[in-house]
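Residue-level listing of the chains:
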Amino acid sequence: MDRASLSSLSLNVSNLNWPSLGDCCSWEGVECDGNDWVIRLWLPARGLRGSISPSFSSLTKLTQLNLSHNCLSGPLPDGFFSSSTILQIVDLSFNCLSGPLPISATLPITLQTLDLSSNQFTGSIQSSFLRPAMNLRSFNVSNNSFIGGIPSSICDSVSPSIVILDFSDNGFQGPIGQGFGACEKLEVLRAGFNFLSGPLPDDIYSAGALQEIFLPGNKLNGPISEYVINLANLRILALFGNNFSGLIPKGIGKLSNLEQLLLHINSLNGTLPHSLMNCTSLNVLNLRVNNFVGELSALDFSKLQQLIIVDLGNNYFNGSLPASLFSCKALNAIRLATNQLEGEILPDIVALQSLSFLSLSNNSLTTITGALRILRACKNLSTIILSKNFFGEAMPDVESFEGFQNLQILALGGCQLTGQIPNWLMEMTKLEVLDLSLNQLSGSIPGWLGHLPNLFYLDLSVNFLLGDFPKELIGLPKLASVQISESIDRSYLELPVFVQPSNASNLQYNQLANLPPAIYLGNNSLTGNIPFLHILDISNNSFSGTIPEQISTLTNLEKLDLSGNNLSGKIPASLKNLHFLSYFSVANNHLEGLIPAGGQFDTFSSSSYEGNPGLCGPILQRPCFDSSSTTRPLGSRRRSPNKKLIVGLLFGILFVIGVISTVLALCILSNRRIFRRGDPDIVDLETLAKPYGRWG
């Protein structure tokens, strides 16, 4: 009987290389008992495709089933869970199984582990489905499309022995009901990234065995109860991305086992309780984007010697930088950005030899030269974000800043720094991202920037830069290679970085590899012919001549902003072949003639063309006239070809063809779901639109 059932399974599932004859107990992944009954079917990650056969119900002695990490699809057959009354383990995770759970399905009383995670199951989870499983210890339905309420009475009415519950990444909604307090053995409760609302139920603080509460990315609200201190075994408290308000409980220091406190992106307020410094097991503290106040320097961080990551950004902390924080020798990431801190960067920070990420942007720090002299001694630093500080100071004018040998990101935007682009940047050969935007830098753009071997993102916009576009920039190695995405560091940053380029929403990146290669030069006083790059934003300069037809060969171009220049002639019709173009502007030039139609041009508004009296077409509600007509559109005029431009284009073509750009139009969400760290880019609930400073 079991052999026939397995043979039927092999007919439904491809890549299952079982012989048509012989003892089925010797087949791959099959284990039998002494009576040749199949008791174990273990076939994870075998590349299996197809559906699960109804004949599965004939495997009445089966105790363990693992078909995880395959490509199985379709619904579960009726009777799937009731086929064997002695089932102990069922793992169907990481497939493409779909549909609701079988209506008549009930779990066997012997079942201990059920993992249906990372499929496409729908519908609700009925209590009747769970009720017979009195010995259930682990129940994981994360990353599906289940809806309805979470069965919070699972311990009271089903299994008091439950240890792990994971409902994350579904469509569960409504309040979390009472019931988890009856889970005496529950260690892990996860229900993040759903649509749960309301306060946390009081009885959750009675589940004394809890080690992890993971409920981020919901709509939960209310205060965090003082009774949280009853959870003496708690290691992870992750409530970020909700609407919690009020204070952090004063007695939180009693949670001596707490390792991760993740309360960012809520509406918590007040000062940080001094007892927090007694959580000596903390290795991650993230309170970013709340309404906390008070002087950080009044807190004694020195007890937190396990601390690796601290993020207190986007609050209302004031005073000076906390010197005691720099005694936490294990720190490798600090963000105190967007607060009200003042003073200078302290020399004590050099004790943090593991520090690789530092963001202090949008404060009122002073003495940029001293800051850089100190930070160069932190040999492991790869990210320095100091935007919106040092207001009106001079860019350090020194020949060399020895150090920074591992620096990949340097952001000094929005500081209103004066002077010129400094030569000491030449020493930073690992630099991949440089932001000097929104300053008062003058002079020309130095050609040596084009020789930095790893630079792929350069923002010099909104300065007083003069002269021609340096041809060396077109030859930047990381822009001129078709293997851009392969050569850029793909490791995760210790903390996400926030980027607000021109004409874009605030974007968050967790990997440098996902940041689009680009050069931003808008709002300067550059002259000469147009350089052309894969991402082209040269708005508000003094470029002249015609728009080159060759731009249409940049088939991956997603943003083209030529506004605010002195361009003339027609808009090349070939640009409508740029099928990925999501932003286009030629506003405020001297262009004329018919605006192209078709392709992406049908998606652009009239604002893309305003300030060009000679342009015509339906989008402007301005008719075009034949060139032989005596009546011409208002303001139209003919111009001679720009020969210098053509020479420049030929040079540019040799360097630029093949450049790949991946500008991602990811708007920051304020009321949508946020995603786990495992995704390439984690889009956060934060909106940080500011008038100055592109990086934070």
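S.K.: Can you break down the overall build of the chain residue by residue, with the values?
M.R.: Each helix and strand in the chain was counted, giving seven helices and 48 strands. The buried share of the chain, reckoned over its 696 residues, is 55%. Of the contacts formed within the chain by residues at least 6 apart in sequence, a portion of 58% connects residues at least 24 apart. Put simply, the chain shows about 27,100 Å² of open surface, and 52% of that area lies on carbon and sulfur atoms.

S.K.: Before we move on, could you go through the pattern of salt bridges and cite the residues and values that matter?
M.R.: Overall, the coordinates contain seven salt bridges when judged by the stated rule. Its salt-bridge partner being D166, residue R190 comes within 3.6 Å of it at the nearest N-O pair. Within this pair, whereas R190 is found in strand β15 (residues 188-190), its partner D166 is found in strand β13 (residues 164-166), the two being separated by 24 residues in sequence. Among the residues examined, D166 registers a relative accessible area of 5% and is labelled buried. Overlapping salt bridges, with partners in common, bring together D166, R190 and E212 in one network.

S.K.: So what's going on with the packing of aromatic side chains? Which residues, and what values?
M.R.: Per the stated rule, a full pass over the model turns up 14 aromatic pairs. Ring plane angle 55 degrees and centroid distance 6.1 Å describe the contact between F584 and Y609, whose orientation is recorded as tilted. Remark: Y609 occurs in the loop between β47 (590-594) and β48 (614-616) and F584 occurs in strand β46 (residues 583-585); sequence separation between them is 25 residues. Exposure remark for Y609: the relative accessible area of 1% places this residue in the buried category. Ring pairs connect the aromatic residues F121, F139, F146, F167 and F172, which therefore count as one cluster. Looking at K61, its charged tip hangs above the ring of W37, at a distance of 5.8 Å from the centre. Seen from the ring of Y583, K559 lies directly overhead, with NZ or CZ sitting 5.7 Å from the centre.

S.K.: I'd like a description of helix α4 (residues 368-375), backed by residues and values.
M.R.: Along α4, the residues that are buried comprise I368, A371, L372, I374 and L375. For α4, the buried positions fall inside an angular range of 160 degrees around the axis, keeping them on one side. Those residues of α4 hidden inside the fold are in contact with β29 (357-359) and β31 (383-385).

S.K.: Could you give me a rundown of the environment of L449, with the residues and numbers involved?
M.R.: Summarising the element assignment, L449 is placed in the loop between β35 (440-444) and β36 (457-459). Taking the C-alpha atoms as reference, L449 lies 8.3 Å from L425; in sequence the two are 24 residues apart. The residues contacting L449, other than those within four sequence positions of it, are L434, L455, L458, L460, L473 and L476.

S.K.: Which residues make up the state of the cysteines, and what values do they have?
M.R.: In total, this model carries three disulfides according to the counting rule given. Paired through a disulfide, C25 and C32 show a sulfur-sulfur distance of 2.0 Å. Residues C25 and C32 are joined by a disulfide whose S-S torsion is about -95 degrees; by sign, that bridge is left-handed. As far as the burial class goes, C25 and C32 line up, both buried. Regarding the disulfides, the chain carries the connectivity 1-2, 3-4, 5-6 under sequence-order numbering of its bonded cysteines.

S.K.: How would you sum up the pairing of β47? Please name residues and give values.
M.R.: Pairing of strand β45 (residues 566-569) with β47, which is carried by two bridges, proceeds in the parallel orientation. Pairing of S568 across the sheet is with H590, part of β47. Pairing of β47 with β48, which is carried by three bridges, proceeds in the parallel orientation. Note that in β48 the partner of L594 across the bridge is C616.

S.K.: So what's going on with the confidence of the model for the chain? Which residues, and what values?
M.R.: Overall, the prediction assigns the chain a mean pLDDT of 84, with 83% of residues at 70 or greater. Contacts from residues 481-485, a stretch scored under 50 in pLDDT, to residues over four places away or in other chains number nine contacts. Low confidence marks residues 628-692, where pLDDT is under 50. Its contacts with residues over four positions away, or in another chain, come to 150 contacts.

S.K.: So what's going on with a negative patch on the surface? Which residues, and what values?
M.R.: Together, D397, E399, E402 and E427 give the surface a local cluster of negative charge. Examined against the element boundaries, E427 turns out to sit in the loop between β33 (418-419) and β34 (433-435). Relative accessible area serves as the criterion here: at 33%, E427 is assigned to the partly exposed category.

S.K.: So what's going on with the side chain of N140? Residues and values would help.
M.R.: Topologically, N140 is positioned in strand β11 (residues 138-140). Judged by its relative accessible area of 16%, N140 is buried. Reaching out from N140, the side chain makes a polar contact with the side chain of S142 at a distance of 2.8 Å. If sequence neighbours within four positions are ignored, N140 has contacts with L114, D115, L116, S117 and D166.

S.K.: Quick rundown of the environment of T106? Include the residues and the values.
M.R.: Tracing the chain through its elements places T106 in the loop between β8 (96-100) and β9 (113-115). A relative accessible area of 33% places T106 in the partly exposed class. Through-space distance from the C-alpha of T106 to that of Q126 is 9.6 Å; in sequence the pair is 20 residues apart. Setting aside its immediate chain neighbours within four residues, T106 contacts F81, S82, S128, F129 and P132.

S.K.: Could you give an account of unusual backbone geometry, naming the residues involved and the relevant values?
M.R.: One non-glycine residue, S118, lies in the positive phi region at around 55 degrees. Structurally, the position occupied by S118 is in the loop between β9 and β10 (120-123). The buried category is assigned to S118, whose relative accessible area is 11%. Positive phi values are uncommon outside glycine, yet Q621 reaches one of about 55 degrees. With respect to the helices and strands, the residue Q621 is situated in the loop between β48 and α7 (643-656).

Definitions and limits used
Residues numbered from 1 in each chain as written. Predicted model: local features only at pLDDT ≥ 70, side-chain atom pairs only at ≥ 80, totals over all residues. Heavy atoms only, no water. Helix = DSSP H or I, 4+ residues; strand = E, 2+ residues; numbered from the N terminus. Buried < 20%, exposed > 50% of the residue type's maximum accessible area, 1.4 Å probe, protein only. Contact = heavy atoms within 4.5 Å. Areas by Shrake-Rupley, 256 points an atom, 1.4 Å probe, with all protein chains shown as cover. Salt bridge = Lys/Arg side-chain N within 4 Å of Asp/Glu carboxyl O. Phe/Tyr/Trp six-rings, centres within 6.5 Å; stacked < 30°, edge-to-face > 60°. Lys NZ or Arg CZ within 6 Å of the ring centre and 35° of its normal. Arc of directions from axis to C-beta. Disulfide = S-S within 2.5 Å. Pairing = 2+ DSSP bridges. pLDDT = per-residue confidence, 0-100. Patch = residues over 30% accessible without salt bridge, like charges linked within 9 Å, V, L, I, M, F, W, Y side chains within 5 Å. Lys, Arg positive; Asp, Glu negative; His and termini not counted. Charge placed at Lys NZ, Arg CZ, Asp CG, Glu CD. Polar contact = N/O pair within 3.5 Å; in protein donor to acceptor, adjacent residues only side chain to side chain.

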